Amino acid sequence: MIGDELMPVVKEVGMARMMAYGAATWDFVRLHYDADYVRELGFEAPFVDGQMVGGFLSQLVQDWAGPDAFLRKLAFRNRVMAYPGDTLICRGIVTGVSATNEGGMVECDLWVENQRNEKVVDVASALVRFPLKADV
Amino acid sequence: MSDLLDSLKKTVGQEVVFHAPEEMGKPSIRQYALAVGDFNPLYLDTEFAKTRGLRDVMAPPTLVCDTWQYIDSDIDDKGGLVGRGLAGESNGLRAGNEYEFFQPVYPDDVITAHWKVKDVYESEGRSGSLVFQVLEANFYNQRGELLARNTETMFYRAGE
């Protein structure tokens, strides 16, 4: 199982999804949609909220692990900003497996690339709990 | 010591607590799932969720760490909800997050969020000196059960 790759999740991030994310998180910070405002602050364009990429990583892991698994930990470092129009490819690989009192634990390394092969998120990791066989 | 580092250092140890005025609610869960584009039936289909041992749909795990819906205030001129910040400045950028999830968040959970500034430090980045601020948020439901913890690192450009 160690070395298994997670089925990648690919997200094309447009301004509409960025707006939807801002509304869904009650976060109306202008950095993520107001082009004039962000240029005044020295940014080239509104940029994707880094936590949204965390949402994509959660999806990557839960889709791979299945509905009986519980995401226990997720950590990520944002490296390169993502802009509207970018395609984000979320990837992962299994790095560790162990049995604990809590359940079967699987660790994964995760990362996110854009269409220019830049690392948008790196490093990232997840810890997932699977029910022990006797509990299924 | 730069003025920025000096002012952010003073935030270390500051705490703020928010009590949501109502339950999380299924519409919030569905709206977040829609925004992310994550249509997992664990988050959207009550009958399916019950077959997996949940008592209702659960929120996507990162929702409780991402949302500000537990703050009952107004929008400030930078677009943040009034009172949300512990930084004193909202021009910080995200360096990263570490989430720990302890149990599913359900639609009928009423969230209490405890935010605290854990640390502030200066570090040399590619484009000069940066000041980092580490915050910790613990999220509880109405029974005082710990649902999730978010350790968040923001950075600020110094030397201007």
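Residues numbered from 1 in each chain as written. Chains lettered and ligands numbered in written order. Predicted model: local features only at pLDDT ≥ 70, side-chain atom pairs only at ≥ 80, totals over all residues.

## A look at the overall build of chain B
Defined as follows: Only DSSP runs of H or I with at least four residues qualify as helices, and only runs of E with at least two residues qualify as strands; both kinds are numbered from the N terminus onward. As a rule, residues whose C-beta atom has 12 or fewer other C-beta atoms within 10 Å are exposed, those with 20 or more are buried, and those in between are partly exposed; C-beta atoms are placed from the backbone. Two residues qualify as a contact pair if the distance between their C-beta atoms, derived from the backbone, is within 7 Å.
A count of helices and strands for chain B gives five helices and five strands. Shown N-terminal to C-terminal, the secondary structure of chain B runs as helices and strands in the order α-β-α-α-α-α-β-β-β-β. Structurally, chain B occupies a C-alpha span of about 55 × 30 × 30 Å along its principal axes. The buried share among the 160 residues of chain B stands at 34%. If you take every contact in chain B between residues at least 6 apart in sequence, the share linking residues at least 24 apart comes to 67%.

## Some thoughts on unusual backbone geometry
Residue and element names in this part refer to chain A. Omega for the bond connecting Asp122 with Val123 falls within 30 degrees of zero, at 0°, which places this linkage in the cis form. Position of Val123 relative to the elements: it lies in strand E5 (residues 119-130). Despite not being glycine, Trp26 shows a phi value in the positive range, around 55°. The topology assignment puts Trp26 in the loop between helix H1 (15-24) and helix H2 (35-40). Judged by the 17 C-beta atoms lying within 10 Å of it, Trp26 falls in the partly exposed class. Non-glycine residue Asn117 carries a positive phi angle of around 65°.

## Comments concerning the pairing of strand E1 (residues 9-13) of chain A
Residues and elements named next belong to chain A. Filter applied, for reference: At least two DSSP bridges between two strands are needed for those strands to be called paired.
On E1, burial follows the alternation: Val9, Lys11 and Val13 on one face are buried, whereas Val10 and Glu12 on the facing-out side are not. Sheet topology places E1 next to strand E3 (residues 86-99); five bridges connect them, and they run antiparallel. Residue pairing in the sheet places Glu12 in a bridge with Thr87 of E3.

## Focus: the nonpolar core
Rules: The nonpolar core criterion groups buried Ala, Val, Leu, Ile, Met, Phe, Trp, Tyr and Cys residues into a set whenever they are joined through C-beta atoms within 7 Å.
Core analysis: the largest hydrophobic core is formed by 63 residues, its most contacted members being Val53, Phe56, Leu57, Leu60 and Val61 of chain A together with Val64 of chain B. If one sorts the elements of this core by residue count, helix H3 (residues 50-65) of chain A sits on top with seven residues. Leave out the neighbours within four places in its chain, and Phe56 of chain A touches Val9, Lys11, Leu88 and Cys90 of chain A together with Val36 of chain B. If you look at the next biggest cluster of nonpolar residues, it comprises five residues, including Leu8, Val120, Leu130 and Tyr156 of chain B.

## A look at the confidence of the model for chain B
For the record, the criterion: Every residue gets a pLDDT, meaning the predictor's confidence in that residue, from 0 to 100.
Within chain B, residue pLDDT values average 92, and 95% of them lie at 70 or more. Model confidence for the complex: the whole-complex pTM is 0.95, and ipTM, which rates the interface, is 0.96.

## Overview of the packing of H1 of chain A against helix H2 (residues 26-36) of chain B
Put simply, the test is: Helix axes use the C-alpha atoms of the stretch in contact, all axes being lines fitted to C-alpha atoms, and the angles between their N-to-C directions lie in the range 0 to 180 degrees. Each angle is binned into one of four classes, with values under 35 degrees roughly parallel, values over 145 roughly antiparallel, values of 65 to 115 roughly perpendicular, and all other values oblique. Note: crossing handedness is left-handed where the near helix turns anticlockwise from the far helix by less than a right angle, and right-handed where it turns clockwise.
One can describe the packing of H1 of chain A onto H2 of chain B by two numbers: an axis separation of 8 Å at closest approach and a directional angle of 155°. When the interaxial angle is binned, H1 of chain A and H2 of chain B end up roughly antiparallel. Read as a crossing pair, H1 of chain A and H2 of chain B show a hand that is left-handed. Contacts from Arg17, Ala20, Tyr21 and Ala24 of chain A of H1 of chain A reach H2 of chain B at Gln31, Tyr32, Leu34 and Ala35 of chain B.

## So, the environment of Met52 of chain A
You can see Met52 of chain A is positioned in helix H3. Judged by local crowding, Met52 of chain A falls into the buried class, with 25 C-beta atoms found within 10 Å. Spatially, the C-alpha atom of Met52 of chain A lies 9.8 Å from that of Arg17 of chain A, the residues being 35 residues apart in sequence. Every residue in contact with Met52 of chain A, bar those within four places of it in the chain, is listed here: Tyr21 of chain A together with Val36 of chain B.

## Here's the deal with the interface of chain B and chain A
Here is the rule we go by: In the scheme used here, Gly and all other residues not listed as nonpolar or charged are polar, with Ala, Val, Leu, Ile, Met, Phe, Trp, Tyr, Cys and Pro taken as nonpolar and Asp, Glu, Lys and Arg as charged.
With 32 residues of chain B at the interface, the matching set in chain A holds 31 residues. Looking at the side of chain B that touches chain A, the elements with two or more residues in it are H2 and strand E2 (93-101) of chain B. Per-element tally for the side of chain B that touches chain A: the top contributor is E2 of chain B, with eight residues. Residues belonging to the side of chain B that touches chain A are distributed by class as follows: 13 nonpolar, 12 polar and seven charged.

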